[in-house]
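Summary of structural features
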Amino acid sequence: MDGTGKIKTVGIICKHNKPEAAQAAKGLADWLRARGIAALVDAGAALISGVEPSTDDAIRNDSDVVVVLGGDGTMLAAARLLAGSDKPVVGVNLGTLGFLTSVRLEQLYPTMDALLAGKCTLQERVMLKASVKRGGQVVSEQHVLNDIVINKGALARIIDLEAFIDGKFLTAFKADGLIIATPTGSTGYSLSAGGPIVHPSLSCIGITPICPHTLTNRPLILPETVVFEVRINSDSEDVHLTLDGQVGSPLCSQDTVEARISQYRMFFVQSPHEDYYHMLRTKLKWGG
């Protein structure tokens, strides 16, 4: 943006291998350029639509706003790419559920008109910072928008986990796994495992056990200030860490997974044509 807040460059990220998304990207790029706004289209869409591709770094660094065309998986990948950039994001649903990409395709151009006219608001959403410690050393770090999941393989036995809050022992879990979710992620895997729906504007951490052996192990909501740690006590080698359902790595016995609210935020453009409660009613078929 320039000094007046005017949008000069829009990045476009698409669901790869989806011609509908690539064609929507081309149409949006043409629409923007007709209004004197530069369009940076990611490489996957450019291959299909024939427009000149832009690098991920260019989209991250040079865009004033980023439009994501696809489903929730596309948005989660975009969130990791854009983490720390503070770019406002418009999520356009070309998938199935669309909790994160809440703007319908037919509302894309009315939403863009409203955005260019300064009539859209931004919703700030927290991310989680996930760290894996092995032998006292941090071996990996990542920032996620939805959730951090510790789970067992299909044929592995129940896993033993010890949980700590700010270094104080919370409880031991014997379960198929554990979900550590943001409010944004509360409508994902956590919801399927019996976790609560948390409004995405809140800043907190949700803990949901997966099929716990002890039925009194219930979901828990923690304040944004805490550090939540999970130590792997199982000897099984078939324990995995999955981030946003897309990035995975194996965990070893005595590894510690640390989760805390990230210093990074995502800023979602709120369409004047949609609202969160309408989305909940329609996506979850309340009252149907």
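Summary of the structure given here. Note that this is a predicted model, so its numbers are computed, not measured.

So, how was this worked out
- Residues numbered from 1 in each chain as written.
- Predicted model: local features only at pLDDT ≥ 70, side-chain atom pairs only at ≥ 80, totals over all residues.
- Heavy atoms only, no water.
- Axes fitted to C-alpha atoms, helices over the stretch in contact; angles between N-to-C directions.
- Helix = DSSP H or I, 4+ residues; strand = E, 2+ residues; numbered from the N terminus.
- Left-handed = near helix turned anticlockwise from the far one by under 90°.
- Contact = heavy atoms within 4.5 Å.
- Nonpolar A, V, L, I, M, F, W, Y, C, P; charged D, E, K, R; others polar.
- Buried < 20%, exposed > 50% of the residue type's maximum accessible area, 1.4 Å probe, protein only.
- Arc of directions from axis to C-beta.
- Polar contact = N/O pair within 3.5 Å; in protein donor to acceptor, adjacent residues only side chain to side chain.
- Salt bridge = Lys/Arg side-chain N within 4 Å of Asp/Glu carboxyl O.
- Pairing = 2+ DSSP bridges.

1. Looking at the packing of helix α1 (residues 19-33) against helix α5 (residues 108-116)
Interhelical geometry of α1 versus α5 gives an angle of 35 degrees and a closest axis separation of 12 Å. The two elements α1 and α5 meet at a crossing, and its hand is right-handed. On α5, the residues touching A24, G27, L28, W31 and L32 of α1 are Y109, M112, D113 and L116. In terms of residue class, the contact of α1 with α5 is made up of 7 nonpolar, 1 polar and 1 charged.

2. A short note on helix α7 (residues 276-283)
The complete set of buried residues in α7 reads Y276, M279 and L280. The buried residues of α7 occupy one face: seen down the axis, they fall within an arc of 100 degrees. In this structure D275 caps α7, since a side-chain oxygen of it lies 3.0 Å from the backbone nitrogen of Y277. One or two residues past the end of α7 sits K285, with phi positive at roughly 55 degrees.

3. Some remarks on unusual backbone geometry
The phi angle at C211 is positive, at roughly 50 degrees, despite the residue not being glycine. Among the structural elements, C211 can be located in the loop between β13 (204-210) and β14 (220-223). Located in the positive-phi region is K285, a residue other than glycine, with phi close to 55 degrees. Here K285 is to be found in the segment after α7.

4. Points about the pattern of salt bridges
Taken as a whole and judged by the stated rule, the model has 12 salt bridges. Put simply, K152 and D176 hold a salt bridge, and the shortest N to O gap is 3.9 Å. With K152 in strand β9 (residues 147-152) and D176 in the loop between β11 (168-175) and β12 (177-181), this residue pair connects regions lying 24 residues apart in the sequence. Given a relative accessible area of 25%, D176 falls into the partly exposed group. By sharing partners, the salt bridges in this structure join K133, E258 and R260 into a single network.

5. Looking at the pairing of β11
Bridge analysis of strand β10 (residues 159-165) against β11 gives 7 bridges, and the strand direction is antiparallel. Residue E162 lies in a different strand from β11, and its bridge partner there is A172. Where β10 folds back onto β11 in an antiparallel hairpin, the turn is made up of 2 residues, including D166, whose phi is positive at roughly 50 degrees.

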